[in-house]
Amino acid sequence: TQSTWGAVEHSMVLLQARLVRGIRTTPVVFIHGLDSASDTWQHVQDKIALQGVTSIAVDLRGHGRSDFDSENFVPSTIAAEVDECVTRFHITTPFLLCGHSMGGRIALRYAANFPHKVFKLLIEDISTEAFTLNIAPPDFARLSRFNRRFETWDDCVETLVNFGYERERIEKYRGHRIVEEANGTFWSALHPYSRYLAFTNVLATSDAKEALKSISKLRPPIETHLWVAGHDSACSEEGEQKMRDILPILTVRKFETAGHSIHRDEENSFVCGLMRLLDADMNLREFVPPQKRQRSHEGM
């Protein structure tokens, strides 16, 4: 197996993605969460690559190494940008789509908008409920001037602290979310304007719930799996039940010892579960091809 980085442009936004090629026929597309990046999936990608699985992990706009653009920062646009990466990297469809936290919300929107490309959907520790935000209106001029490159580490830390990031958290990000370049400067995968828009335009909306409703109206609906953390979970029991009410075929698995990032806290269990989903696909012989799915108008 071999991993490569590549760039894709969609509506003037340059997106970065990490691709790992394998020999199996069912690829995996990974979508990260808020204040995260494609590197969160690196170990998972490398482990499934040992089993021959092709995968791609995308840096969403304003995250990782992808460009930031405040225009049309909404789930449908972000999902379309993921699809551009899928297309340009020649990812075989249908594939297993996996999204964590906010990335799970984008995965739901992707599956609703491009159902013929998704064979199975795995959403990791998400809520489809709209978050309630109690934040003061930001200084948009100040946010728009944010530069992700810093001359020194101290300058990077102080700037991000002034934008509301916790100092301890920033220190933990050194070396992966905040990296030192060859010329001694520092690059931040964190972007406060992107963070604000992710909260207001993705997490504080009902888009994920509406996407789940669209998926439930497909005939047959996409097989969907919800994996829930045992502690520090974004998915409450009430929220889980609301998702089941919308999509009765939803399969739920709880990882008792894992926190919100199950794929990091219980990496081996996560990978084993992912491989079981892929192997089930490979052994399945009787199914309705995804491209033949029809939207049902029941309840509309």
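Residues numbered from 1 in each chain as written. Predicted model: local features only at pLDDT ≥ 70, side-chain atom pairs only at ≥ 80, totals over all residues. Heavy atoms only, no water.

*Asks:* Help me understand the packing of aromatic side chains, please; the structure alone is not making it clear to me.
*Replies:* When we look at a pair of aromatic rings, we describe it by the centre distance and by the angle of the planes. In the structure shown here, the tally under the stated rule is 13 aromatic pairs. Residues F140 and Y193 carry aromatic rings whose centres are separated by 6.0 Å and whose planes lie at 50° to one another, so their mutual orientation is tilted. Of this pair, F140 sits in helix α4 (residues 140-144) while Y193 sits in helix α7 (residues 192-203), and the two are 53 residues apart along the sequence. Judged by relative accessible area, Y193 falls into the buried class, the value being 11%. Ring geometry for F140 against Y196: centres 5.6 Å apart, planes inclined by 75°, an arrangement best described as edge-to-face. Of the two residues, F140 is situated in helix α4 and Y196 in helix α7; the sequence distance between them amounts to 56 residues. Counting every residue linked through ring pairs, the aromatic cluster contains F30, W41, W227, F255 and F270. (Phe/Tyr/Trp six-rings, centres within 6.5 Å; stacked < 30°, edge-to-face > 60°. Helix = DSSP H or I, 4+ residues; strand = E, 2+ residues; numbered from the N terminus. Buried < 20%, exposed > 50% of the residue type's maximum accessible area, 1.4 Å probe, protein only.)

*Asks:* Can you walk me through the sheet that holds strand β9 (residues 186-188) in this structure?
*Replies:* Taken in spatial order, the three strands of this open sheet run β7-β9-β8, and their pairing is antiparallel. Both edges of this open sheet fall to β7 (149-150) and β8 (178-180), since each of them pairs with a single strand only. Note: β8 against β9, three bridges, orientation antiparallel. Bridging from a neighbouring strand, V179 pairs with W187 of β9. (Pairing = 2+ DSSP bridges.)

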